[in-house]
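Residue-level structural notes
Next come the chains, spelled out residue by residue.
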Amino acid sequence: MTSAERILAYTEIKPEKGHEINEQPRKEWPDLGKIKFKNVSLRYYENGPKALKDLSFQINPCEKICVAGRTGAGKSSLIAALMRIGEIEGNIIIDNADIQYLNLQSTRQRISVISQSPELFNGSIRENLNPTGEFDDTEIWKVLDQMQMKFSCSKFTRKA
């Protein structure tokens, strides 16, 4: 009966906010990498405590940052806000687009998160860089070149 109750409970879950939004980001988005948090607060559930409180900062294009802190300081909550997990107040603007007005799925598909756990990925480099198969090898190599990783990855390619 527990399984049946759980299935019934799943049918009553409200869809995440943002699924109903039809506005898609432009095809190239994000192209610069400018991220701005403006008075962002995050609650993981309705009326829950704020995990982030009125956070404001800006990351400029090509700028590298490090987020460090103790357990519970809010590092993972920053990522949760960026991925629109939970109840978010304020504005998160990526390349001049406020993500609260964009379709949730399309926004999440365009943002990558690198875990703090050093783990090897399953599958090939190609599969990890292009999980949807949307891009051809020329585009993948172009991105690797832009990230200055083309040489290090080229030694892993097979020669015909």
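Residues numbered from 1 in each chain as written. Predicted model: local features only at pLDDT ≥ 70, side-chain atom pairs only at ≥ 80, totals over all residues. Heavy atoms only, no water.

Quick look at the side chain of S41
Applied cut-off: Numbering goes from the N terminus for both helices and strands, where a helix is a DSSP run of H or I of at least four residues and a strand is a run of E of at least two. Polar contacts, as used here, are pairs of N or O atoms within 3.5 Å; protein pairs need one atom able to donate a hydrogen and one able to accept it. Residues neighboring in sequence count only if both atoms are side-chain atoms. Two residues form a contact once any of their heavy atoms are found within 4.5 Å.
Here S41 shows up in strand β1 (residues 35–43). Only 2.9 Å separates the side chain of S41 from the backbone nitrogen of D54, close enough to count as a polar contact. Look past the residues within four positions of S41 in its chain and what remains in contact with it is K50, L52, K53, D54, E87, I88 and E89.

Some details on the nonpolar core
The condition is simple: Buried Ala, Val, Leu, Ile, Met, Phe, Trp, Tyr and Cys residues that are joined via side-chain atoms within 4.5 Å together make up what is termed a nonpolar core. Note on exposure labels: buried denotes an accessible area under 20% of the residue type's maximum, exposed denotes more than 50%, and partly exposed covers the range between, all computed with a 1.4 Å probe on protein chains only.
Counting 18 residues, the largest nonpolar core has W29, I35, F37, A81, L82, I92 and I94 as the members making the most contacts within it. Sorting the residues of this core by element identifies β1, β2 (50–59), α2 (75–82) and β3 (87–94) as the ones contributing at least two each. Apart from the residues lying within four places of it in its own chain, the contact partners of I35 are F57, Q58, I59, L82, I93 and I94.

Overview of the pairing of β1
Threshold: Any two strands between which DSSP finds at least two bridges are classified as paired.
The pairing of β1 with β2 spans six bridges and is antiparallel. Residue pairing for β2: F37 is matched across the bridge by F57. The antiparallel hairpin formed by β1 and β2 contains six residues in its connecting segment, where N47 sits at a positive phi of about 65 degrees.

Here we look at α2
Note that an α-helix has 3.6 residues per turn; residues three or four places apart therefore point the same way. Listed in full, the buried residues belonging to α2 are S77, L78, A80, A81 and L82. Looking at the buried positions of α2, the neighbouring elements they touch are β1, β2 and β3. Trailing α2 by a residue or two, R84 shows a phi angle of about 60 degrees, which is positive.

Considerations on the sheet that holds β2
For clarity, the threshold we go by: For helices, the fitted line uses only the C-alpha atoms of the stretch in contact; every axis is such a line through C-alpha atoms, and the angle between N-to-C directions lies from 0 to 180 degrees.
Read from one edge of the open sheet, four strands run β2-β1-β3-β4, paired in antiparallel fashion. Two strands in the sheet have a free side with no partner beyond their single neighbour: β2 and β4 (97–98). The strands that α2 touches are β1, β2 and β3; relative to β1, the one it contacts most, it runs at about 105 degrees.

Examining the packing of aromatic side chains
Put simply, the test is: Aromatic pairs are defined between Phe, Tyr and Trp rings, using the six-membered ring for Trp, whenever the two ring centres lie within 6.5 Å; interplanar angles under 30 degrees are classed as stacked, those over 60 as edge-to-face, and all others as tilted.
Counted by the stated rule, this structure contains one aromatic pair. Ring centres of F37 and F57 lie 4.6 Å apart, and the angle between their planes is 20 degrees; this geometry places the pair in the stacked category. With F37 in strand β1 and F57 in strand β2, this residue pair connects regions lying 20 residues apart in the sequence. According to the relative accessible area criterion, F57 is partly exposed, its value standing at 26%.

Comments concerning a nonpolar patch on the surface
Rules: Patches were defined on residues exceeding 30% relative accessible area and lacking a salt bridge, with like-charge contacts within 9 Å and nonpolar side-chain contacts (Val, Leu, Ile, Met, Phe, Trp, Tyr) within 5 Å. Methods summary: accessible areas were calculated by the Shrake-Rupley approach with a probe of 1.4 Å, and residue burial reflects only the protein chains presented. Any carboxyl oxygen of Asp or Glu that lies within 4 Å of a side-chain nitrogen of Lys or Arg is treated as forming a salt bridge with it.
Where nonpolar side chains cluster on the molecular surface, the patch consists of Y44, Y45 and I85 and spans about 320 Å² of accessible area. Take Y44: it is sitting in the loop between β1 and β2.

A short note on helix α5 (residues 137–146)
For α5, the capping residue at the N-terminal end is D136, with a side-chain oxygen 3.2 Å from the backbone nitrogen of T138. Just beyond α5, the residue with positive phi is Q148, at close to 55 degrees.

Things to note about the environment of A51
Within the fold, A51 resides in strand β2. Its relative accessible area of 31% is what places A51 among the partly exposed residues. Residues A51 and S41, spaced 10 residues apart in sequence, show a C-alpha to C-alpha distance of 7.2 Å. Discounting chain neighbours no more than four positions away, the residues touching A51 are L42, Y44 and S77.

Here we look at the pattern of salt bridges
Applying the stated criterion to the full structure yields five salt bridges. K50 is paired through a salt bridge with E89; the nearest N and O atoms lie 3.8 Å apart. In this pair, K50 sits in strand β2 while E89 sits in strand β3, placing the two residues 39 residues apart along the sequence. The exposure class of K50 is partly exposed, given its relative accessible area of 28%. Given the relative accessible area of 38%, E89 is considered partly exposed.

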